[in-house]
Amino acid sequence: MKKIFVICAACVLFFSCQPSTEVSSPDGKLTVHFRCDACDGTIWYAVARDHELIMDLSELGLMTEDMSLAEDFRLTGISRHRQDTTWETVWGEERFITDRHNQMVVHLLHQSGIRMDIAFRVFDDGFAFRYIFPEQEQKTFTVTDELTAYRFTQGAEAWSIPWRTEYYEGLWEKRNLSPCLPLREGDNPNPTQDTLCSPITIEFADGTYGFVHEAALTDYPAQNLYVRDGALRTYLTPWLGHQSPITSHQSPKAYIQTPFATPWRFVVLTRTLPELVASRIMLNLNEPCKIEDTSWIKPAKFMGIWWGMHIKTMTWEQGPKHGATTENMERYMRFAKEHGIGAVLAEGWNKGWEDWKHFDFTTPYDDWDMDYLSRLSDSLGVQIVGHNETGGNAADYEKDLDSIYRYHEAKGIHVIKTGYVAPIIRTVDGLQWNKGQSGVRHYRKVIETAAKYHIAIDNHEPVMPTGLQRTYPNLMSQEGVRGQEWNAWSADGGSPCEHVTVLPYTRILAGPVDYTPGVFRFENPIIPTTRVHSTLMNQLGLFVCFYSPLQMACDLPEHYMEHADAFRFIEQVPCDWERSVLVDGKIGDFCVFARQERGTDNWYIGGITDEQAREVTIPLSFLNHQSPMTNHQYKATFYLDAEDADWESRPYAYRIEEREVTSADTLHVRMAPGGGFAVQILP
Ligand code: NOJ
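Only a predicted model underlies this, so the values are computations on that prediction, with no experimental measurement involved.

Quick look at the domain arrangement of the protein now. Taken as a whole, the protein is organised into domain 1 (2-284), domain 2 (299-480) and domain 3 (486-511 + 531-547 + 573-683). A separation of 30 Å is found between the C-alpha centroids of domain 2 and domain 3. Taken together, the contact pairs 14 residues of domain 2 with 8 residues of domain 3. Here domain 2 meets domain 3 over a buried area of about 870 Å², counting both sides, of which 61% is carbon and sulfur.

This is the structure:
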């Protein structure tokens with residue numbers, strides 16, 4: 001009680017000085033207060049929910065090569081805007097998204113004469129802000145640091161990965177974020193040790209949730225985060241150029257040209273996990289779709305000449321075990337056709353895999369007949385998913401983008417998986433981190449150019465997604481995750497069961513993930529120290545729990561035929577949804593999603609658990625969302641772990657059952673250790 005009183009007193013003191021520089025959410029519960037200090041012109045914000053301060057005064061501002069843009073400001077004006085619209089997604093976890101927020105833009109004048117605005121948007125489930133440089137006399141700025149801070153008033157634990165995690169392919173861990181316990185104290189945080197990738201997912205001490213990330217990252221370095229002096233702070237990914245890697249706060253991070261707006265910094269704040277997962281703030285902060293005709297952008301499941309390379313029964317390069325041969329591709333495509341899978345990926349079809357450096361994106365190996373396969377693709381109605389691994393040589397790839405995509409389009413290829421295997425990539429600006437400004441620009445150029453040729457992108461080794469798929473829906477999926485492939489060869493033996501129960505609440509909140517679910521044989525005889533830590537039913541559950549409009553069923557056709565009855569679920573589960581609901585879950589423990597197939601009344605439920613067996617309760621009331629008075633009968637097919645299933649000892653033990661259900665029913669489903677389940681519900 002005392003604590004609440006102190007907090008309220010602080011609120012009153014702060015808010016009473018600044019009566020007009022605040023903006024509240026449409027429901028009036030969340031308020032962001034802006035303050036430009038009258039004495040030193042420093043700029044700050046604070047956040048209250050239900051009149052309680054939940055974020056204390058937090059710093060705003062940027063440092064440039066010439067000056068600090070964090071002080072010596074004067075507030076010259078405020079403009080406001082109210083938004084309440086609903087827009088339709090081209091594909092997604094739901095068809096319609098409502099964008100309801102209140103905006104306040106504070107117009108600031110720096111003593112140097114520079115003008116900078118800060119736009120704040122407050123939604124019912126969180127808030128966002130960005131720095132804007134209107135057109136003005138000074139045309140260019142070199143940003144060396146961003147001072148944005150997030151000072152939460154209560155203790156918290158955050159799920160995160162360290163900022164230097166290669167390609168973001170790490171196991172997410174829970175770290176203490178308590179303001180009283182900074183990860184590191186002192187003047188110079190060590191970005192190589194303490195800094196975390198954005199996003200982070202927060203569990204606050206009072207049981208509420210938060211998600212800190214950025215949106216609309218198109219021409220700026222990716223944000224990273226670290227804790228110092230009681231606040232979470234921003235560390236921008238450095239610009240490297242031709243210099244050796246520099247990781248200080250003074251080195252260049254971004255080169256900007258006015259008019260310019262930084263990406264949005266946003267924080268989702270919800271009382272429950274389902275609300276956190278349902279937040280669409282990130283998508284709403286991105287620009288509306290810039291592609292006029294989107295009819296060619298089609299969600300699809302795909303198989304691929306792929307897992308064979310990871311379990312080492314096939315090779316990318318030409319040789320006796322070459323995977324991407326005409327014959328093998330034809331076999332995959334005919335299998336896909338027979339099982340209703342829309343597309344097949346082929347890796348290693350083009351020359352250059354001998355050294356992973358000099359790829360030729362338009363010349364196939366001799367044992368790949370592109371024209372024949374392109375005709376076959378047409379006649380079967382099974383798409384070829386192209387593959388452009390650059391080995392991190394983004395500059396060479398970028399130089400030839402038009403001719404590469406023209407070639408693919410001519411062969412009828414409308415989806416390309418791109419890849420950048422190299423911890424530091426070579427962009428047009430020299431050696432760079434892929435999440436630095438230059439890498440971010442490259443990825444955007446790829447998406448924009450691909451759109452001109454009606455090509456959708458599945459980007460591997462990406463910069464962390466920030467919702468750009470709203471603007472460019474041809475950016476369909478991305479990696480940026482420790483995906484299934486690690487279970488084929490990882491020196492640590494494969495990801496622990498817990499891993500998949502963290503991702504829906506962390507990485508996947510940043511956007512669709514190409515995790516590649518659907519392994520049906522868990523042991524790898526060639527690398528026997530590694531395996532998939534999962535039951536077969538857990539693999540099915542992933543198709544519902546992990547969202548991607550390009551969803552790979554990654555295993556070999558012959559492995560699928562060992563469990564053809566379970567494979568039925570993969571054949572039928574869609575990857576484009578009308579609506580999605582997190583039914584129940586706990587970060588790092590389990591997850592149960594229900595999703596309605598777009599344009600139908602078919603529902604799919606998927607569940608996954610960590611190494612603990614558990615029973616979940618699922619009220620089917622969501623079936624009645626359209627006509628609550630009716631109580632239709634549905635036919636439900638259950639794919640369940642058997643009683644004695646266990647990821648370690650009996651991973652292939654499952655049972656399939658059918659029965660009728662109505663929206664009045666409640667399911668009780670048991671998941672085995674490392675297990676899961678899937679349910680198909682048809683009217
Ligand atoms: C890493 C990607 O994650 C994987 O999917 C791909 O097979 C290899 N790079 C080769 O491009």
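Geometrically, the link from Ser198 to Pro199 is a cis peptide bond, its omega value of 5 degrees lying close to zero. Checked against the element boundaries, Pro199 lands in the loop between strand S15 (196-197) and strand S16 (200-204). Each neighbour pair has its own omega, and for Thr258 with Pro259 the value is -5 degrees, a cis peptide bond. Relative to the helices and strands, Pro259 resides in the loop between strand S20 (254-257) and strand S21 (260-261). Positive phi, close to 60 degrees, is recorded for Asp72, a residue that is not glycine. Relative to the helices and strands, Asp72 resides in the loop between strand S6 (68-69) and strand S7 (73-88).

Now for the site of the ligand. Around the ligand, a shell composed of 14 residues is seen, among which Trp306, Glu347, Glu389, Lys417 and Glu479 lie nearest. Within the side chain of His460, an N or O atom sits 3.0 Å from an oxygen atom of the ligand. The separation between an oxygen atom of the ligand and a polar side-chain atom of Glu479 is 2.6 Å. Its free accessible area being 300 Å², the ligand has 95% of it covered by the protein chains. Residue composition of the shell around the ligand, grouped by class: 5 nonpolar, 3 polar and 6 charged.

Attention shifts here to the sheet that holds S6. If you trace the 4 strands from one edge of the open sheet to the other, you get S6-S5-S11-S20, paired in antiparallel fashion. The open sheet has two free edges, formed respectively by S6 and S20, since each of these has just one partner strand. The pairing of strand S11 (residues 140-146) with S20 spans 4 bridges and is antiparallel. Within S20, the residue paired with Thr140 across the bridge is Gln257.

Any two aromatic rings considered together are summarised by their centre-to-centre distance and by the angle between their planes. As enumerated under the stated definition, the model contains 36 aromatic pairs in all. Considering the side-chain rings of Trp316 and Trp353, the 5.5 Å spacing of their centres and the 10 degrees angle between planes classify their relative orientation as stacked. One end of the pair, Trp316, is in the loop between helix H5 (307-310) and helix H6 (326-338); the other, Trp353, is in the loop between strand S24 (343-346) and helix H7 (370-380), with 37 residues separating them in the sequence. The burial state of Trp316 is the same as that of Trp353; both residues are buried. A cation over a ring is seen here: Arg470 above Trp87, with NZ or CZ 3.9 Å from the ring centre. Its guanidinium or amino end placed over the ring of Phe593, Arg595 lies 4.2 Å from that ring's centre, counting from NZ or CZ.

When you tally the buried positions in strand S17 (residues 209-215), you get 7 out of 7 residues, the bulk of the element. Residues Tyr209, Phe211, His213 and Ala215 of S17 are buried on one face, and the alternating residues Gly210, Val212 and Glu214, pointing to the opposite face, are buried as well. Of the pairings in the sheet, the one linking S16 to S17 comprises 4 bridges and is antiparallel in character. The residue of S17 that forms the bridge with Ile202 is Gly210. Turn length for the S16-S17 hairpin, with the two strands adjacent in sequence and antiparallel, is 4 residues, and the turn residue Gly207 shows positive phi of about 90 degrees. Alignment of S17 against strand S22 (residues 264-270), held across 7 bridges, turns out to be antiparallel. From the neighbouring strand, Glu214 faces S22, where its bridge partner is Arg265.

What follows concerns H6. Between its first and last C-alpha, H6 extends 18 Å over 13 residues, near the 18 Å set by a 1.5 Å rise per residue. Here H6 has its buried residues at Thr326, Asn328, Met329, Glu330, Tyr332, Met333, Phe335 and Ala336. Packing partners of the buried residues in H6 comprise strand S23 (300-305), S24, H7, strand S25 (383-389), helix H14 (557-561) and helix H15 (564-572). Downstream of H6 by a residue or two, Gly340 has a phi angle that is positive, lying close to 70 degrees.

Attention now goes to the sheet that holds strand S32 (residues 577-586). Ordered by their spatial adjacency, 6 strands build an open sheet running S32-S33-S34-S39-S36-S37, and the pairing between neighbours is antiparallel. A strand with exactly one partner marks an edge of an open sheet, and here the two such strands are S32 and strand S37 (654-661). Pairs of neighbouring strands in the sheet enclose a mean axial angle of 15 degrees, with direction left out of account. Here strand S33 (residues 590-597) runs beside strand S34 (residues 603-609); their pairing, made up of 7 bridges, is antiparallel. Residue pairing in the sheet places Ala594 in a bridge with Ile605 of S34.

So, on to the environment of Ala343. In this structure, Ala343 sits in strand S24. A relative accessible area of 4% places Ala343 in the buried class. As for Ala343 and Gly210, which are separated by 133 residues in sequence, their C-alpha atoms are 37 Å apart. Apart from the residues lying within four places of it in its own chain, the contact partners of Ala343 are Lys301, Phe302, Met303, Val382, Gln383 and Val385.

What follows is about the nonpolar core. Core analysis: the biggest nonpolar cluster contains 188 residues, and Ile118, Phe120 and Tyr405 have the highest contact counts within it. Excluding anything up to four places from it in sequence, Ile118 contacts Phe34, Ile43, Leu60, Met104, Val105, Val106, Leu108, Phe129, Arg130 and Tyr131. Listed in part, the 21 residues of the second largest apolar core include Phe590, Trp603, Leu640 and Val679.

Here we come to the packing of helix H13 (residues 536-545) against H15. It is the contact of H13 with H15, at a shortest axis distance of 10 Å, that shows an interaxial angle of 10 degrees. As far as their axial angle goes, H15 and H13 are roughly parallel. In this structure, H13 contributes Leu536, Met537, Leu540, Phe543 and Val544 to the contact, and H15 contributes Ala566, Phe569 and Ile570. For the contact of H13 with H15, the class distribution of residues is 8 nonpolar, no polar and no charged.

Moving on, we get to the environment of Pro528. One can find Pro528 in the loop between helix H12 (499-502) and H13. With 35 residues separating them in the primary sequence, Pro528 and Gly493 have C-alpha atoms 8.7 Å apart.

Attention now moves to the environment of Tyr168. Considering the arrangement of structural elements, one finds Tyr168 in the loop between strand S13 (156-160) and strand S14 (173-176). Given a relative accessible area of 4%, Tyr168 falls into the buried group. Considered as a pair, Tyr168 and Glu643 are 475 residues apart in the sequence and their alpha carbons are 36 Å apart. If sequence neighbours within four positions are ignored, Tyr168 has contacts with Ile161, Cys197, Lys435, Pro462, Val463, Met464, Gly480, Val481 and Arg482. Here Met464 takes part through its backbone nitrogen, which lies 2.9 Å from a polar atom of the side chain of Tyr168.

Conventions we followed
- Residues numbered from 1 in each chain as written.
- Predicted model: local features only at pLDDT ≥ 70, side-chain atom pairs only at ≥ 80, totals over all residues.
- Heavy atoms only, no water.
- Domains from an automatic or database assignment.
- Contact = heavy atoms within 4.5 Å.
- Buried area = accessible area lost by both parts, 1.4 Å probe.
- Helix = DSSP H or I, 4+ residues; strand = E, 2+ residues; numbered from the N terminus.
- Near = heavy atom within 4 Å.
- Polar contact = N/O pair within 3.5 Å; in protein donor to acceptor, adjacent residues only side chain to side chain.
- Areas by Shrake-Rupley, 256 points an atom, 1.4 Å probe, with all protein chains shown as cover.
- Nonpolar A, V, L, I, M, F, W, Y, C, P; charged D, E, K, R; others polar.
- Pairing = 2+ DSSP bridges.
- Phe/Tyr/Trp six-rings, centres within 6.5 Å; stacked < 30°, edge-to-face > 60°.
- Buried < 20%, exposed > 50% of the residue type's maximum accessible area, 1.4 Å probe, protein only.
- Lys NZ or Arg CZ within 6 Å of the ring centre and 35° of its normal.
- Expected span 1.5 Å × (residues − 1).
- Axes fitted to C-alpha atoms, helices over the stretch in contact; angles between N-to-C directions.
- Core = buried A, V, L, I, M, F, W, Y, C linked by side-chain atoms within 4.5 Å.
- Parallel < 35°, antiparallel > 145°, perpendicular 65-115°, else oblique.

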